[in-house]
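Report on the structure
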Amino acid sequence: MVKKESTEWKQDTARAERKERLAQMKGSDGQKRKIQSRSIWKKVTLITTAVVLVLALSVWLIASTGLLTRYSKALTVNGRKVTAAEANIHFGNYTASQQWGLAFTEKFQATLDQQSQVNPANKLRDDLVNSVIPSIVYSTAILTDLEKNDFKLTEEQQKIIDTTLESLETQLTQMALQQGTTLAGFLKMYFGPGVNMKLIKNDFVNSMKISYYNDFLAEKADVSGEKIKAYYEENKDDLDLYTYNYYEFKLSLKDDATAAEKKAALEKLKADASATLEDLGHSSFVEAVKKHVSEEEAEKLTKDPGSVDKKEAAGSGLTGETGKFLKDSERRNGDAKVIEGSDKMTLIRFQSRDRNESRPFYSVRHILIANEKDAETPKTDEVLKAEAEKVLAEYNAGEKTEKSFGELAAKYSKDPGSAEKGGLYADMDQAFQQRLAPEFRAWFQDTPRKPGDTGIIKTSFGYHIMYFVEHSEEKAEDRAIKDTLKKQFVKEWSDKVYKEATVERHPFGMKFVGKLHFFDALLGK
């Protein structure tokens, strides 16, 4: 009986709820209400608005952050992807290296929008992009090649890269401050939208890898004695050293001189030069010249006869009529000639032509004892000298080896250019030696030294504890030829890699190369 009542109660409840719903669906006239479309359209409108807002926000994010530039593929080189942002790093570096300015400023972009002078159908931007692409192809192809050859950086090379990376962001931040902007703003001005520090660091690492790979390839070059000899025979006119006398008889005219006056003055110069040439048969070069110049000029030559008495130069630096005269295989000691110019007459006399037998390469170590930069209380000269003597005494009390000297240099030297290398200046050529303090240079040049010699000298920088490493037996000529053969080998290798590269341009990604504004790039403006 209880079960039956329970079932009936549930049925009555269901009927009541159904009636209530039907009542709600009827209007005041008792008729069934029509379904209202307003609520449906309201929902549709809300959903559409939300979708539009999401799309607008997405477009804004893509445009403002340069995401499309960062990830869009502009080129494929040997199957290796190059994004538009990576291409823009090359683009920014190119315009900066040409000292044209930062490529992605509004001002520079306006310049890029101008019509090309090379191809009127293009803009200037198109010309620059086409100029940059070969370097992109080259670097990408070389990266592929070094990976193919399983090239690995040495520990020292990796350390140099890591050390530089640590300071790279700081350096760029300082450059940004100088431009009055943030780091992100500076990167955008320099390299365009979408470029961040991660991409910059990756580009730097790749550049360093390519540089070290070129050094690696250079060591594969054939620099045997036979190759050196063959190269010399082909290029001896440029490699040999020429000794000669040289003097220029120059015009001295007023600015308002007439053509007739200039012509007469030139004839006078020619006569003076020719008369000097005749006098060379019985006078020295300096004395012959002094006879046919002004008293003031003759006095200068008396005080400084070396200015014309003897000159020495490698053939590679001798060009024009002077080079042609001196390099003539028939030239003999005493041969002379007057070379006519538009505003001067040049008298030249050949003395000799010889192979470059010089051995200019020296290696030394040093420890600089000096005051700290901007020290509030600088040490006196006596104190610095005593410190230098103390360090030398420490060296003499130890193993007295090049290694132990280098360790002391790393510990005590105030020379930032060599301290980390144990105070080493290795294989210094003549050009490098000329940049050294005279006292420093004289210590190893003017006095015969043997490996292991030490001493203390004073320069304008402070006191230097010196250690003589070696005077290389290698000739300057041989070194120059080896360097040239290595460069030729690397160039031939690189040219081959570049020419064999397969390149594909991707039109969509290329839209963003060299462009600052998203919609201009997207719409091809």
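So, here's what we can say about the structure. What you see is a predicted model; the values in this text were computed from it and never measured.

**Considering the nonpolar core**
In this structure, Phe91, Leu172 and Ile200 are the most contacted members of the largest nonpolar core, which totals 55 residues. Elements supplying a minimum of two residues to this core: strand E1 (73–77), helix H4 (84–97), helix H5 (106–112), helix H6 (124–148), helix H7 (155–178), helix H8 (183–191), helix H9 (197–218) and helix H20 (476–499). Residue contributions to this core peak at 11 residues, all from H9. Beyond its immediate stretch of four places on either side in the chain, Leu172 contacts Leu183, Phe186, Leu187, Met197 and Ile200. In this structure, Ala273, Leu280, Phe285 and Val289 belong to the second largest nonpolar core, which totals 15 residues.

**A word on the pairing of strand E5 (residues 336–340)**
Here E5 pairs with strand E6 (residues 344–354) via five bridges, running antiparallel. Of the residues in E6, the one forming a bridge with Ile339 is Thr346. Remark: three residues form the turn of the hairpin made by E5 and E6, two consecutive strands paired antiparallel.

**Brief notes about unusual backbone geometry**
Across residues other than glycine, the phi torsion is negative in most instances, and most of the peptide bonds are trans. Residues other than glycine seldom take positive phi values, yet Asp150 does so here, at roughly 55°. Residue placement: Asp150 occurs in the loop between H6 and H7. Taking the relative accessible area as the measure of exposure, Asp150 reaches 52% and is therefore exposed. In this structure, Lys400 is a non-glycine residue whose phi angle is positive, near 55°. Relative to the assigned elements, Lys400 resides in the loop between helix H16 (381–396) and helix H17 (402–412). Using a relative accessible area of 47% as the deciding quantity, one classes Lys400 as partly exposed.

**Thoughts on the sheet that holds strand E10 (residues 462–471)**
Strands pair in a sheet through their backbones, by hydrogen bonds, and they do so in one of two ways: parallel or antiparallel. Reading across from one edge, E8-E7-E10-E9 is the order of the four strands in this open sheet, with antiparallel pairing throughout. The open sheet terminates on both sides in strands that have one partner only, identified here as strand E8 (424–428) and strand E9 (454–459). Averaged over all neighbouring strand pairs, the angle between strand axes comes to 30°, with direction disregarded. Direction of pairing for E9 relative to E10: antiparallel, over a ladder of six bridges. Within E10, the residue paired with Gly455 across the bridge is Met466. Strands strand E7 (362–369) and E10 of the sheet are contacted by H17, whose axis makes an angle of about 40° with E7.

**Let's talk about the packing of aromatic side chains**
Using the criterion set out here, one finds 19 aromatic pairs in the structure. The interplanar angle of 45° and the centroid separation of 6.0 Å between the aromatic rings of Phe489 and Trp493 together place this pair among those described as tilted. Taken as a pair, Phe489 and Trp493 lie in helix H20 at a separation of four residues, close to a single helical turn. Judged by relative accessible area, Trp493 falls into the partly exposed class, the value being 27%. An aromatic cluster of three or more residues is present, and its members are Tyr362, Tyr425, Phe432, Phe440, Phe444 and Phe468. Between the NZ or CZ atom of Arg449 and the centre of the ring of Trp443, over which it lies, the distance is 4.1 Å.

**Here we look at H6**
Under the 1.5 Å per step criterion, the end-to-end length of H6 is 37 Å for 25 residues, consistent within 8% with the ideal 36 Å. Following H6 by one or two positions, Asp150 adopts a phi angle in the positive range, close to 55°.

**Points about the pattern of salt bridges**
Across all of its chains, the model carries 32 salt bridges by this definition. In this structure, Lys148 and Asp145 form a salt bridge, with 3.7 Å as the shortest nitrogen-oxygen distance. Taken together, the residues Lys148 and Asp145, both in helix H6 and three residues apart, mark about one turn of the helix. Residue Asp272 is joined to Lys268 by a salt bridge in which the shortest nitrogen-to-oxygen separation is 2.8 Å. Residue Asp272 and its partner Lys268 are located together in helix H11 (residues 259–279), separated by four residues, close to a single helical turn. What makes Asp272 buried here is its relative accessible area of 14%. Here the residues in one salt-bridge network are Asp427, Glu474, Arg479 and Lys482, joined through shared partners.

Definitions and cut-offs
- Residues numbered from 1 in each chain as written.
- Predicted model: local features only at pLDDT ≥ 70, side-chain atom pairs only at ≥ 80, totals over all residues.
- Heavy atoms only, no water.
- Core = buried A, V, L, I, M, F, W, Y, C linked by side-chain atoms within 4.5 Å.
- Buried < 20%, exposed > 50% of the residue type's maximum accessible area, 1.4 Å probe, protein only.
- Helix = DSSP H or I, 4+ residues; strand = E, 2+ residues; numbered from the N terminus.
- Contact = heavy atoms within 4.5 Å.
- Pairing = 2+ DSSP bridges.
- Axes fitted to C-alpha atoms, helices over the stretch in contact; angles between N-to-C directions.
- Phe/Tyr/Trp six-rings, centres within 6.5 Å; stacked < 30°, edge-to-face > 60°.
- Lys NZ or Arg CZ within 6 Å of the ring centre and 35° of its normal.
- Expected span 1.5 Å × (residues − 1).
- Salt bridge = Lys/Arg side-chain N within 4 Å of Asp/Glu carboxyl O.

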